[in-house]
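# Structure assessment
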Amino acid sequence: MNPITPIINGLKITLSHLFKKPVTLQYPTERPKVAQRFRGLHALNVSHNKAKCVACYLCPTVCPAKCITVEAGEDANHDKYAARYEIDMLRCIFCGYCVEACPVDAIRMTGEFELANYRRQDFVYSKERLLEKK
Ligand code: SF4
Ligand code: SF4
């Protein structure tokens, strides 16, 4: 084999990559488009201006990481609601079981993946923070 041939083949490969779209993104100025089924940060759903959660305890029961805390309350109409709802994102494994288990479609997972924070307590998402999520 001509000793120049491998060099030419290598150069051909290098040149072909010069004209391809790069697979990397200039994050954070360029944002990745997450898949529709991506399981990111949770959000609580709202109906008639209040959280849909009826504090049935199914999601904390099914959660394999045991990172959901629910405390039930009772409103003036004797309807149950989540007086406290918290998810510890440091323990969550983003399995989506909580979403599957919910009988009233009160919780969903968003495309939000930037969960970095400075303090441990900031990883605990309260009901109020989860209601704000789009
Ligand atoms: S996604 Fe999985 S680990 Fe995270 S809160 Fe839901 S059930 Fe628990
Ligand atoms: S989010 Fe759904 S499954 Fe979890 S406690 Fe509320 S109603 Fe039950």
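Being a predicted model, the structure only gives us computed values, none of them experimental.

## A closer look at the overall build of the protein chain
- Within the protein chain one finds 4 helices and 7 strands.
- Helices and strands appear in the protein chain in the N-to-C order α-β-β-β-α-β-β-α-β-β-α.
- Here the protein chain has a C-alpha radius of gyration of 23 Å; the compact-globule value for 134 residues is 14 Å, and the former is much larger.
- Its C-alpha atoms give the protein chain principal-axis dimensions of roughly 85 × 30 × 30 Å.
- By residue count, 28% of the 134 residues in the protein chain fall in the buried class.
- Element-wise, carbon and sulfur atoms account for 57% of the exposed surface of the protein chain, whose accessible area totals about 9,900 Å².

## Considering the state of the cysteines
- Here the structure, examined in full by the defined rule, presents 0 disulfides.
- No disulfide involves Cys-67; its nearest neighbouring cysteine sulfur is the one of Cys-63, lying 3.6 Å away.
- With relative accessibility at 6%, the residue Cys-67 sits in the buried group.

## Concerning the site of ligand 1
- Taken together, 14 residues sit near ligand 1, with Cys-63, Cys-92, Cys-95, Gly-96 and Cys-98 positioned nearest.
- Per-class residue counts for the shell around ligand 1 are 12 nonpolar, 2 polar and no charged.

## Thoughts on the pattern of salt bridges
- Enumeration over the complete set of coordinates arrives at 6 salt bridges.
- Where Lys-52 meets Asp-105, a salt bridge forms, and the shortest distance between an N and an O atom there is 3.8 Å. One end of the pair, Lys-52, is in the loop between strand E3 (50-51) and helix H2 (58-62); the other, Asp-105, is in the loop between helix H3 (97-101) and strand E6 (107-109), with 53 residues separating them in the sequence.
- Using a relative accessible area of 27% as the deciding quantity, one classes Lys-52 as partly exposed.

## Notes on the sheet that holds strand E4 (residues 68-74)
- The strand order across the open sheet built from 3 strands is E4-E5-E7, with neighbouring strands paired in antiparallel fashion. The open sheet is flanked by E4 and strand E7 (124-125), the only strands paired with a single partner.

## Details of the site of ligand 2
- For ligand 2, the full set of nearby residues is Cys-53, Val-54, Ala-55, Cys-56, Tyr-57, Leu-58, Cys-59, Tyr-85, Cys-102, Pro-103, Val-104 and Ala-106.
- The class makeup of the residues in the shell around ligand 2 is 12 nonpolar, no polar and no charged.

## So, the pairing of E4
- Pairing of E4 with strand E5 (residues 80-88), which is carried by 7 bridges, proceeds in the antiparallel orientation. When the bridges of E5 are listed, Ile-68 appears paired with Ile-87.
- Counted between consecutive antiparallel strands, the loop separating E4 from E5 contains 5 residues, among which His-78 sits at a positive phi close to 65 degrees.

## Focus on the packing of aromatic side chains
- This model, assessed by the stated rule, comprises 1 aromatic pair.
- Aromatic side chains Phe-38 and Phe-113 sit 6.4 Å apart centroid to centroid with 85 degrees between the ring planes, which places their arrangement in the edge-to-face category. Linking Phe-38 in the loop between helix H1 (4-18) and strand E1 (42-44) with Phe-113 in the loop between E6 and E7, this pair joins segments that are 75 residues apart in sequence.
- On the accessibility criterion, Phe-38 (32% relative accessible area) is partly exposed.
- Overall, the relative accessible area of 32% leaves Phe-113 in the partly exposed class.
- The ring centre of Tyr-125 lies 3.8 Å from the NZ or CZ of Arg-129, which sits over that ring.

Cut-offs used in this document
- Residues numbered from 1 in each chain as written.
- Chains lettered and ligands numbered in written order.
- Predicted model: local features only at pLDDT ≥ 70, side-chain atom pairs only at ≥ 80, totals over all residues.
- Heavy atoms only, no water.
- Helix = DSSP H or I, 4+ residues; strand = E, 2+ residues; numbered from the N terminus.
- Rg over C-alpha atoms; globule rule 2.2 N^0.38 Å.
- Buried < 20%, exposed > 50% of the residue type's maximum accessible area, 1.4 Å probe, protein only.
- Areas by Shrake-Rupley, 256 points an atom, 1.4 Å probe, with all protein chains shown as cover.
- Disulfide = S-S within 2.5 Å.
- Near = heavy atom within 4 Å.
- Nonpolar A, V, L, I, M, F, W, Y, C, P; charged D, E, K, R; others polar.
- Salt bridge = Lys/Arg side-chain N within 4 Å of Asp/Glu carboxyl O.
- Pairing = 2+ DSSP bridges.
- Phe/Tyr/Trp six-rings, centres within 6.5 Å; stacked < 30°, edge-to-face > 60°.
- Lys NZ or Arg CZ within 6 Å of the ring centre and 35° of its normal.

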